[in-house]
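Close look at the chain arrangement
This is what each chain is made of:
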Amino acid sequence: MNLTDIDRKLVDLLQAKFLLTGQPYADIGLNLGISESEVMARIQQLKAENIVRQIGPVFDAGSLGYKTTLAAMRVAEEEMGRAARIIAEHPGISHGYERDHYFNLWVTLAVPARGDLEAELSGLAASIKAESFFALPAVKLFKLRTHFAMGGQGPAEAPDNHHGKIRRREARLSPADRMVINELQQDLPLVPRPFAPMSGQLGMDEGEFLSRCHSLVQRSIMRRFGAAVNHRQAGFTANAMTGWVAPPGKVNAAGKLLSSWQEVSHCYERRTNNLWRHNLFAMIHGRTREACQEIADEVSAKMGLTDCIMLFSTREFKKTRVKYVV
């Protein structure tokens, strides 16, 4: 798809400035100087070209009582087809990638509060026939903000107000909150009033439905509402999961430094184990491998970190938003 300047501005708005209003597409159109129908038509085309994957909420898993982890596995090449199928069908896996490392399969896994995360991971590894595996749960969050700037002079990256927090306790949710959360987790329909069918399904006034959505954002239960973009289709073809061995006295400063780059979407301190010693993680996205390497080198030089590893994605098996049933 040959993106126009308006398309690029639209993708930026869908990611960072999507409004939870009665007629969000009309509001976006006012911002861009185009009609509501043209906004919807352009989004439809962006979806057809697999640039926009979906438009919906991003929830804080811990607030909803879910336990999550990043996990790595060593999988024989002949078993990768099986692994891809299992990952695609697993409701608790949001991301699944093959990476250029001995531990070549990486997934993010979520289970409900009553689930056993370790048992789930062990069962997953057994079904995939992984030769070895381990979990790397987050200790501290520095950044979680996936916004791929399209160069259309759209909005700047929205600030991340979850810095340093890993929520491990379920938030207090009313029965109405739970109904809204369950109903909201779908790809937003391309109709003039997309939230009206959802509120109607719950027998709730549209204004009350949207008010409860805003409350979920204000309480940091919903991180944001917006588009998930296919970074490869958007031109960010180099994607490196980068890790450093950072001593305790440097972790916070290095995490804050990494968070300042728009090219960094995720940054965490993670628990290590006897198979993996790198405790500071960042996902770096660029149009070339060299661009990713430059950021990693600058962080290493500024922070005096000498042990750095970069794992580039070679195949994407899954990237979606887990549906959290509450």
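Everything in this summary refers to the structure shown in the same document. The model shown is predicted, which means the values in this text are computed figures rather than measured ones.

**Structural notes on the sheet that holds strand β11 (residues 308-319)**
Strand order in the open sheet made by the nine strands is β5-β2-β4-β3-β11-β8-β10-β9-β6, with antiparallel pairing throughout. A single partner strand is all that each edge strand has here, and the edge strands are β5 (132-136) and β6 (138-144). Strand after strand, the sheet turns through a mean of 25° between neighbouring axes, direction not considered. Bridging between strand β2 (residues 67-74) and β5 involves five bridges; their strand directions are antiparallel. If you follow R74 over to β5, its bridge partner there is S132. Contacts from helix α5 (residues 117-128) reach β2, β3 (93-99), β4 (105-111) and β5, with the element oriented near 30° to β2.

**Quick word on the pattern of salt bridges**
For the structure on display, the rule yields 18 salt bridges. Here R42 makes a salt bridge to D7, at a shortest N to O gap of 2.7 Å. Taken together, the residues span a long stretch of sequence, with R42 in helix α3 (residues 36-48) and D7 in helix α1 (residues 5-16) at a distance of 35 residues. We classify D7 as buried; its relative accessible area is 3%. In this structure, R212 engages E208 in a salt bridge whose closest nitrogen and oxygen atoms are separated by 3.2 Å. Placement of both R212 and E208 in helix α8 (residues 206-218) is noted, with a separation of four residues, approximately one turn of the helix. Since its relative accessible area comes to 26%, R212 is described here as partly exposed. One connected set of salt bridges, linked through shared partners, spans D177, E208, R212 and R219.

**So, the nonpolar core**
In a soluble, globular protein the nonpolar side chains are often hidden away together inside. In this structure, L14, I55, F59, L184, F195 and F225 are the most contacted members of the largest nonpolar core, which totals 46 residues. Elements with a contribution of two residues or more to this core: α1, α2 (24-32), α3, β1 (52-59), α6 (175-184), α8 and β7 (222-229). If we ignore the near neighbours within four places in the chain, the residues touching F225 are F18, L20, I55, G56, P57, L184, L188 and F195.

**As for the packing of aromatic side chains**
This model, assessed by the stated rule, comprises 11 aromatic pairs. On the basis of an interplanar angle of 70° and a centroid distance of 4.8 Å, the ring pair of Y66 and Y324 is categorised as edge-to-face. Linking Y66 in the loop between β1 and β2 with Y324 in the segment after β11, this pair joins segments that are 258 residues apart in sequence. Each member of the pair, Y66 as well as Y324, carries the same accessibility label: buried. One aromatic cluster is present, formed by Y102, F103, W106, F134, W276 and F281 through successive ring pairs. One Lys or Arg, R289, reaches over the ring of F312 and ends 4.2 Å from the middle of that ring.

**Comments concerning the packing of α2 against α3**
Interhelical geometry of α2 versus α3 gives an angle of 100° and a closest axis separation of 8 Å. Regarding the angle of α2 to α3, the classification is roughly perpendicular. From α2, Y25, A26, I28 and G29 reach across to α3, where they touch E36, V39, M40 and I43. Considering only residue class, the contact of α2 with α3 consists of six nonpolar, one polar and one charged.

**Comments concerning the packing of α6 against α8**
Where α6 contacts α8, the axes come no closer than 10 Å and their chain directions differ by 90°. By the angle between their directions, the pair α6 and α8 is classed as roughly perpendicular. Across from A176, D177, V180, I181, E183 and L184 in α6, the residues of α8 making contact are F209, R212, C213 and L216. Within the contact of α6 with α8, the residues separate by chemical class into seven nonpolar, no polar and three charged.

**Quick look at the side chain of S313**
Within the secondary structure, S313 is located in strand β11. A polar atom in the side chain of S313 sits 2.6 Å from the side chain of R99. The residues contacting S313, other than those within four sequence positions of it, are Y97, E98, R99, R232 and N239.

**Details of the pairing of β4**
A large share of β4 lies buried, amounting to six of its seven residues. As judged from the five bridges shared by β3 and β4, these two strands associate in the antiparallel manner. Directly across from E98, in β4, lies its bridge partner L105. Hairpin connection of β3 to β4: five residues between the antiparallel strands.

**What about unusual backbone geometry?**
One non-glycine residue with positive phi stands out, namely N50, at about 60°. Mapping N50 onto the fold places it in the loop between α3 and β1. Owing to a relative accessible area of 36%, N50 belongs among the partly exposed residues under this scheme. At S220, a residue that is not glycine, the phi angle is positive and equals roughly 60°. Relative to the elements of secondary structure, S220 occurs in the loop between α8 and β7. A residue is classified by how much of its surface remains accessible, and S220, at 17% relative accessible area, is buried.

Calculation rules
Residues numbered from 1 in each chain as written. Predicted model: local features only at pLDDT ≥ 70, side-chain atom pairs only at ≥ 80, totals over all residues. Heavy atoms only, no water. Pairing = 2+ DSSP bridges. Helix = DSSP H or I, 4+ residues; strand = E, 2+ residues; numbered from the N terminus. Axes fitted to C-alpha atoms, helices over the stretch in contact; angles between N-to-C directions. Contact = heavy atoms within 4.5 Å. Salt bridge = Lys/Arg side-chain N within 4 Å of Asp/Glu carboxyl O. Buried < 20%, exposed > 50% of the residue type's maximum accessible area, 1.4 Å probe, protein only. Core = buried A, V, L, I, M, F, W, Y, C linked by side-chain atoms within 4.5 Å. Phe/Tyr/Trp six-rings, centres within 6.5 Å; stacked < 30°, edge-to-face > 60°. Lys NZ or Arg CZ within 6 Å of the ring centre and 35° of its normal. Parallel < 35°, antiparallel > 145°, perpendicular 65-115°, else oblique. Nonpolar A, V, L, I, M, F, W, Y, C, P; charged D, E, K, R; others polar. Polar contact = N/O pair within 3.5 Å; in protein donor to acceptor, adjacent residues only side chain to side chain.

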